[in-house]
Amino acid sequence: MAPYFQQLQSELPSIKAHTPQNHCDAFFIQEVLRFNSIAGTIDQSFKNVSTSIDERIITHILIRSLIENYFRLLYIYDSVNLSQARFDECVNGFKIQYAKLYNDPWLPNKNQIEPADPSWPTLKSPMDLNSMLTALMNAHGNRLNYIYFVYRISSFDTHGNSLEALFSTCFNKTPCNFPFLDIEKVIELIANEYLVIWAQVKVP
């Protein structure tokens, strides 16, 4: 198990016991717990991503499910003075997407979900994920937009676009170059940044 992920796991009792002072910190805590569950499953169950197409398909999809909120949390906590405003931007993004779901004319059983506020579709959209990353630096002062590559590769897998039949048809050769992700490195990267954010959140 990777050291940053191990360190984050050792902090879980404190994270679970922490009473968040605002919705922003609650969002962070809930996402850390989700990350631990999914990343822990990956760490324990998938050891051959580079050689097994079945493991690649599953792990790339799982990593993509984690990385969007990871990007958002980096953006939110990059500046203490802007955290609430940036969280509100992300909440607006949720409202817009939820309204799109709720207002889908083909969606049945709408009585089973919360109704969307009629004003939500007119809200200002938040930054796209790549723009968020371009605006950020990590704890070492390095730009983070390169992580967008991980997101795009995992997105291709999530949508079933990395199958060999599609590549060989389009490029007329087999195999084609399309990298697998270094899953442990990605988990370590996320865990490291979550430890940095946790150090900020837990201070009264």
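Up top you'll find the structure we're talking about.
Residues numbered from 1 in each chain as written. Predicted model: local features only at pLDDT ≥ 70, side-chain atom pairs only at ≥ 80, totals over all residues. Heavy atoms only, no water.

What follows deals with the side chain of Arg 56. Within the secondary structure, Arg 56 is located in helix α4 (residues 53-77). The class of Arg 56 is buried, set by a relative accessible area of 8%. A distance of 3.2 Å separates a polar atom in the side chain of Arg 56 from the backbone oxygen of Pro 179. Setting aside its immediate chain neighbours within four residues, Arg 56 contacts Val 49, Ile 153, Asp 157, Ser 162, Phe 178, Pro 179 and Phe 180. (Helix = DSSP H or I, 4+ residues; strand = E, 2+ residues; numbered from the N terminus. Buried < 20%, exposed > 50% of the residue type's maximum accessible area, 1.4 Å probe, protein only. Polar contact = N/O pair within 3.5 Å; in protein donor to acceptor, adjacent residues only side chain to side chain. Contact = heavy atoms within 4.5 Å.)

Our focus in this paragraph is the nonpolar core. Generally speaking, soluble globular proteins have nonpolar side chains that are buried together. Formed by 46 residues in total, the largest nonpolar core has its most connected members in Phe 28, Phe 35 and Tyr 194. Elements that contribute at least two residues to this core include exactly α1 (3-10), α2 (12-17), α3 (23-45), α4, α5 (83-102), α6 (129-134), α7 (148-158) and α9 (183-201). Setting aside chain neighbours within four positions, we find Tyr 194 in contact with Leu 8, Phe 28, Glu 31, Val 32, Phe 35, Asn 69, Tyr 70 and Leu 73. (Core = buried A, V, L, I, M, F, W, Y, C linked by side-chain atoms within 4.5 Å.)

A separate point is the pattern of salt bridges. Going through the model one piece at a time under the given rule, you end up with five salt bridges. Residues Arg 56 and Asp 157 are paired through a salt bridge, measuring 2.8 Å at the closest nitrogen-oxygen approach. Of this pair, Arg 56 sits in helix α4 while Asp 157 sits in helix α7; the two residues are 101 residues apart in sequence, bridging distant segments of the chain. The pair Arg 56 / Asp 157 is uniform in exposure class, with both members buried. (Salt bridge = Lys/Arg side-chain N within 4 Å of Asp/Glu carboxyl O.)

Moving on to the side chain of Asn 69. Here Asn 69 shows up in helix α4. Dropping the residues within four chain positions of it, Asn 69 is found in contact with Phe 27, Glu 31, Arg 34 and Tyr 194.

Now for the state of the cysteines. Taken as a whole and judged by the stated rule, the model has zero disulfides. Of the cysteine sulfurs around Cys 170, a residue in no disulfide, the closest is that of Cys 176, at 8.5 Å. (Disulfide = S-S within 2.5 Å.)

Here the focus is α4. Helix length check: α4 (25 residues) gives 36 Å between terminal C-alpha atoms against 36 Å at 1.5 Å per residue, within 8%. Within α4, the axis deviates most sharply at Ile 67, by approximately 25 degrees. (Expected span 1.5 Å × (residues − 1). Bend = angle between axes of the 7 residues up to and from the residue.)

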